[in-house]
Amino acid sequence: GFMTTSLIQFLVKGGNLFDAGYKYDGALAVVRTAANCDYLYNMIRLKGGAYGCGCGFASDCGDVFFYSYRDPKLAETNDVYMKTPDFVSALNPDEKELTKYIIGTFSGIDTPKSISGKIGYSLSSYIPGRTYEDIQTEREQILDVTVEKMQSTAKMIKDVLDQGYTCCVGNAQK
């Protein structure tokens, strides 16, 4: 943790899929969409009063992260992070909602890009050695996601969160 005099708090929790013995799967991208839209936003932003929050799963290095910013309720936010596997295992979207999650996932992956956006995307793929085939495999996994596949990621997420990596920036009272 880092103590500051600021009244603004930040909380990040995460770990690594590969260190926990898992491989990345495109189903995690769809889970990210569901968790960000229907769980973390409601619990941390709306109920908890934080300015923002979310989670992410890096396909190239296996890093997993949950974050909040301008967060007045750090302990409660940490509890929400730790209960994410429960949310994921209980996910049971109907076909329309699952399609919404898949489309929402692609809206963050295949967006129109400016020239500088294309250069940045190419560089961020080149440096870790991510090939076109890797990107296409992830797209196919996203398109083929099922409710059961999404639910199966709950144990992965729990095992990663149980690694215990947490960073907090805030004042002494919090």
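Preceding this paragraph is the structure being described.
The structure contained in this document is the topic of the report that follows. (Residues numbered from 1 in each chain as written. Predicted model: local features only at pLDDT ≥ 70, side-chain atom pairs only at ≥ 80, totals over all residues. Heavy atoms only, no water.)

### Comments concerning the environment of Thr146
As a reminder, the rule being used: Strands are runs of DSSP state E lasting at least 2 residues, helices are runs of H or I lasting at least 4, and numbering of each runs from the N terminus. A 3.5 Å cut-off defines polar contacts: any pair of N or O atoms within that distance qualifies, except that in protein one atom must be a possible hydrogen donor and the other a possible acceptor, and neighbouring residues in sequence count only when both atoms are side-chain atoms.
Turning to its location among the elements, Thr146 is positioned in the loop between α6 (132–143) and α7 (147–161). Taking the C-alpha atoms as reference points, Thr146 and Lys113, separated by 33 residues in sequence, lie 29 Å from one another. Of the polar contacts made by the side chain of Thr146, one reaches the backbone nitrogen of Lys149; its length is 3.0 Å.

### Thoughts on the sheet that holds strand β1 (residues 2–3)
We apply this condition: Strand pairing follows a simple DSSP-based rule, namely that at least 2 bridges must link the two strands. Whether two residues are in contact is decided by their heavy atoms: any pair within 4.5 Å suffices. Axis definition: a line fitted to C-alpha atoms, limited for helices to the stretch in contact. Angles are taken between N-to-C directions and run from 0 to 180 degrees.
Strands sit in the order β1-β5-β2-β4-β3 across an open sheet of five strands; the sheet is mixed. Lying at the two open borders of the sheet, with one neighbouring strand each, are β1 and β3 (52–57). Pairing analysis gives two bridges linking β1 to strand β5 (residues 165–170), with the strands arranged parallel. Bridge pairing in β5 links Met3 to Gly170. Across the sheet, helix α1 (residues 27–46) lies against β3 and β4 (63–69), angled at about 160° from β3, the strand it touches most.

### Let's talk about the nonpolar core
Cut-off, in case you're wondering: For the purposes of this section, nonpolar cores are sets of buried Ala, Val, Leu, Ile, Met, Phe, Trp, Tyr and Cys residues that join through side-chain atoms within 4.5 Å. When accessible area is computed with a 1.4 Å probe and restricted to protein chains, residues below 20% of their type maximum are described as buried, those above 50% as exposed, and intermediate ones as partly exposed.
Residues Leu40, Phe66, Met150 and Ile157 are the most contacted members of the largest nonpolar core, which totals 39 residues. Sorting the residues of this core by element identifies α1, β3, β4, α2 (74–82), α3 (84–89), α4 (95–107) and α7 as the ones contributing at least two each. Top contributing element to this core by residue count: α1, with ten residues. Apart from residues no more than four positions distant in its own chain, Phe66 is found in contact with Leu11, Val12, Lys13, Leu40, Gly54, Cys55, Tyr81, Thr84, Ile157 and Leu161.

### Focus: α6
Selection rule: A helix is expected to span 1.5 Å for every residue after the first.
The first and last C-alpha atoms of α6 sit 17 Å apart over twelve residues, in line with the 16 Å expected at 1.5 Å per residue. Each element contacted by the buried residues of α6 is listed here: α1, α4 and α5 (115–126).

### Overview of the packing of α1 against α4
Put simply, the rule reads: To sort the angles, those under 35 degrees are grouped as roughly parallel, those over 145 as roughly antiparallel, those from 65 to 115 as roughly perpendicular, and the leftovers as oblique. Residue type decides the class: Asp, Glu, Lys and Arg count as charged, Ala, Val, Leu, Ile, Met, Phe, Trp, Tyr, Cys and Pro as nonpolar, and the leftover types, Gly among them, as polar.
With their axes 9 Å apart at the nearest point, α1 and α4 run at an angle of 105° to one another. Taken as axis vectors, α1 and α4 run roughly perpendicular relative to one another. Every residue of α4 that contacts α1 at Ala29, Val30, Arg32, Thr33, Ala34 and Asp38 is listed here: Glu97, Lys100, Tyr101, Ile102, Gly104 and Thr105. Considered class by class, the residues forming the contact of α1 with α4 number five nonpolar, three polar and four charged.

### Side note on the side chain of Asn171
Tracing the sequence through the fold places Asn171 in the segment after β5. Among the residues examined, Asn171 registers a relative accessible area of 12% and is labelled buried. Not counting the four nearest positions on each side in its chain, Asn171 is found in contact with Met3, Thr4, Ser6, Leu7 and Gln9.

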